[in-house]
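Residue-level structural notes
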Amino acid sequence: MAAPTTERPAAPRTEDLAPARHRKVGAGLLTVLTWIVGIGFFFPILWMVLTAFKQEADAYTTPPTLFFTPTLEQFRIVFDSGIGPYLLNSLFATVVSTILVLVLATPAAFAVSLRPVKKTQDVLFFFISTKMLPVVAAIVPIYVVVNNIGMLDNIWTLIVLYTAMNLPIAVWMMRSFFQEVPKELLEAASMDGASLARSLREVVLPVISPGMAATALICVIFAWNEFFFAVNLTAARAATVPVFLVGFITSEGLYFAKLCAAATLAALPVVIAGWVAQNKLVQGLSFGAVK
């Protein structure tokens, strides 16, 4: 009886391994490139934070000072300069305008998505066309109107303008979220006797809550960073944080360390808001806001 023969598996050929190696090398290069781009975007923020802990003399050195003794003196000077009222004005205007935007954008986006109206595309184009007008072209009539009604240097003027500024973007974003909601949910709620308002409140809104969080965060960022309206329509009582930052640019020159300390404090609320809402933000952006 012949002995059984055992055959060794054939070794993979070199030409078969080449594509796999190329894919690994390509993935490695893409990872390195991504890290370089990410560090490039983050480096100015890191440098701003580091400069905030320097003395003014260290902030002006050439080449830049990499090793220094950290100090909180610049933050103390910023607080002594009266940043508190500016932070409160920005916080109040941002929070109230964002709430108003969500209250107004939710039914509008619902109407043009799950309950379309006549000429829906014309309505959507009208919403987004309001963002096409340069702000500088509208500041003169806005200033005249605000001055005539006695609302200059009033925080409610900024709230109205921030709401109008963010509303078109919010409608477009939330419309894409509403379109991701299965129509079967509304049909089931309607068969159970739920009214349209109740279906929106108890069925649709819980589903699109991540999208609402993403929309709210975008509105918060735009309202918090807005400078043009604030610098032209406010003076002392309603000025916001961006206006406060301009105070460190004087005829004597730039106070880099103080400006970086103030900018770090100004950026913290938005960074904290983004960190708190990061899970909802990722869910919202993958839910349909960015396709």
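This text goes with the structure placed above it.
The following refers to the structure shown. Keep in mind that what you see is a predicted model, and the values were worked out from it rather than measured. (Residues numbered from 1 in each chain as written. Predicted model: local features only at pLDDT ≥ 70, side-chain atom pairs only at ≥ 80, totals over all residues. Heavy atoms only, no water.)

Turning our eyes to something else, we now look at the overall build of the chain. Within the chain, the secondary structure is distributed over 14 helices and two strands. Counting all 291 residues of the chain, 34% fall into the buried class. Looking at the chain alone, contacts between residues at least 24 apart form 76% of all its contacts between residues at least 6 apart. As displayed, the chain offers around 18000 Å² of accessible surface, 70% of which is attributable to carbon and sulfur atoms. (Helix = DSSP H or I, 4+ residues; strand = E, 2+ residues; numbered from the N terminus. Buried < 20%, exposed > 50% of the residue type's maximum accessible area, 1.4 Å probe, protein only. Contact = heavy atoms within 4.5 Å. Areas by Shrake-Rupley, 256 points an atom, 1.4 Å probe, with all protein chains shown as cover.)

Within the chain, Asp153 stands out as a residue other than glycine whose phi angle is a positive 55°. Tracing the backbone through its elements, the reader meets Asp153 in the loop between helix H6 (135–148) and helix H7 (155–179). The buried category is assigned to Asp153, whose relative accessible area is 13%.

Packing of H7 against helix H10 (residues 209–225) leaves a shortest axis separation of 10 Å and a crossing angle of 155°. With respect to H10, the axis of H7 lies roughly antiparallel. Relative to H10, the crossing made by H7 is right-handed. Here Tyr162, Met165, Asn166, Ile169, Ala170, Met173, Met174 and Phe177 of H7 lie close against H10, whose contacting residues are Gly211, Met212, Ala214, Thr215, Ile218, Cys219, Phe222 and Ala223. In terms of residue class, the contact of H7 with H10 is built from 13 nonpolar, three polar and no charged. (Axes fitted to C-alpha atoms, helices over the stretch in contact; angles between N-to-C directions. Parallel < 35°, antiparallel > 145°, perpendicular 65-115°, else oblique. Left-handed = near helix turned anticlockwise from the far one by under 90°. Nonpolar A, V, L, I, M, F, W, Y, C, P; charged D, E, K, R; others polar.)

Bringing the nonpolar core into the picture now. A general tendency of soluble globular proteins is for nonpolar side chains to be buried together. Counting 21 residues, the largest nonpolar core has Phe110, Leu114, Met174, Phe178, Val204 and Ile208 as its most contacted members. Mapped onto this core, the elements with two or more residues apiece are helix H4 (83–113), H7, helix H9 (196–207) and H10. No other element matches H7, which puts six residues into this core. Apart from the residues lying within four places of it in its own chain, the contact partners of Leu114 are Phe178, Val181, Lys183, Leu186 and Val204. Membership of the second largest hydrophobic core comes to 19 residues, among which are Ile142, Leu158, Ala238 and Ala239. (Core = buried A, V, L, I, M, F, W, Y, C linked by side-chain atoms within 4.5 Å.)

Let's shift gears to H4. In this model, H4 (31 residues) spans 43 Å end to end at C-alpha, consistent with the 45 Å of a helix rising 1.5 Å per residue. At Ala105, H4 shows its strongest bend, of approximately 30°, with the proline Pro107 following within four residues. (Expected span 1.5 Å × (residues − 1). Bend = angle between axes of the 7 residues up to and from the residue.)

Looking now at the pattern of salt bridges. Tallying each qualifying case throughout the model produces three salt bridges. Its salt-bridge partner being Glu56, residue Lys258 comes within 3.5 Å of it at the nearest N-O pair. With Lys258 in helix H13 (residues 256–276) and Glu56 in helix H2 (residues 56–59), this pair connects stretches of sequence that are 202 residues apart. The same class applies to Lys258 as to Glu56, namely buried. Asp80 is paired through a salt bridge with Arg76; the nearest N and O atoms lie 3.2 Å apart. Note that Asp80 and Arg76 are positioned in helix H3 (residues 73–80) at a spacing of four residues, about one turn of the helix. For Asp80, a relative accessible area of 56% corresponds to the exposed category. What makes Arg76 partly exposed here is its relative accessible area of 46%. (Salt bridge = Lys/Arg side-chain N within 4 Å of Asp/Glu carboxyl O.)

In short, geometric facts, not functional conclusions.
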